[in-house]
Amino acid sequence: MRIMILVALLAGSASAAEQHSDPLPPDLAHAAEDYDQAQIHNDGSALQRLLADDYTLVNGGGEIYSKAEFIRDSIAPGFSLQPYVVEHAINKVWSDGAVLSGEVSLRGTESGKPFTSHMRFADVWAKRSGAWRVIFTEVTRLPKPPS
């Protein structure tokens, strides 16, 4: 299953974990918002710009994807992702790097068939040549929350 379009980096509810999160610098917050929107809108050119060339994704099934594979799956015909909210965010930021993490419940279609997925993710961002890029993502599947 390639339902690993995942990360979003905007805060949801104010949990105890979020109270221990670092504030995001404006340029990182802007890059994170752009990344969210690129995923929701299947924007391959934005993903190309926001993901480092050496980007690696470890999905919830333990499979490893490159930047090219992630973008290919993100823009595949029949794939869509509905807008989502990141909850329970934990963000750690330093001068040229950051880990932005949270929990998301995703809904969308893959190969034209509906899916739902509940997961925790961690995106590692690096500031390279003055621009923030995602260099690594790891996903852990979670049980679906009670309705």
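Structure: above.
Presented here is an overview of the structure given in this document. (Residues numbered from 1 in each chain as written. Predicted model: local features only at pLDDT ≥ 70, side-chain atom pairs only at ≥ 80, totals over all residues. Heavy atoms only, no water.)

Quick look at the pattern of salt bridges
Thinking step 1. Counting across every chain of the model gives five salt bridges.
Thinking step 2. Here Lys67 ties to Asp53 by a salt bridge, and the two come within 2.9 Å at their closest N and O atoms. Of this pair, Lys67 sits in helix H4 (residues 67–74) while Asp53 sits in strand S1 (residues 51–58), and the two are 14 residues apart along the sequence.
Thinking step 3. On the basis of relative accessibility, which here comes to 7%, the residue Lys67 falls in the buried class. (Salt bridge = Lys/Arg side-chain N within 4 Å of Asp/Glu carboxyl O. Helix = DSSP H or I, 4+ residues; strand = E, 2+ residues; numbered from the N terminus. Buried < 20%, exposed > 50% of the residue type's maximum accessible area, 1.4 Å probe, protein only.)

Some details on unusual backbone geometry
Thinking step 1. Unusually for a residue other than glycine, Asn42 sits at a positive phi of about 50 degrees.
Thinking step 2. The topology assignment puts Asn42 in the loop between helix H2 (26–40) and helix H3 (44–50).
Thinking step 3. Taking the relative accessible area as the measure of exposure, Asn42 reaches 24% and is therefore partly exposed.
Thinking step 4. In the Ramachandran plot, Ser111 falls in the positive-phi region, its phi being about 55 degrees despite a non-glycine side chain.
Thinking step 5. Along the chain, the position of Ser111 falls in the loop between strand S5 (97–110) and strand S6 (113–128).
Thinking step 6. Looking at Ser111, the relative accessible area reads 64%, which means it is exposed.

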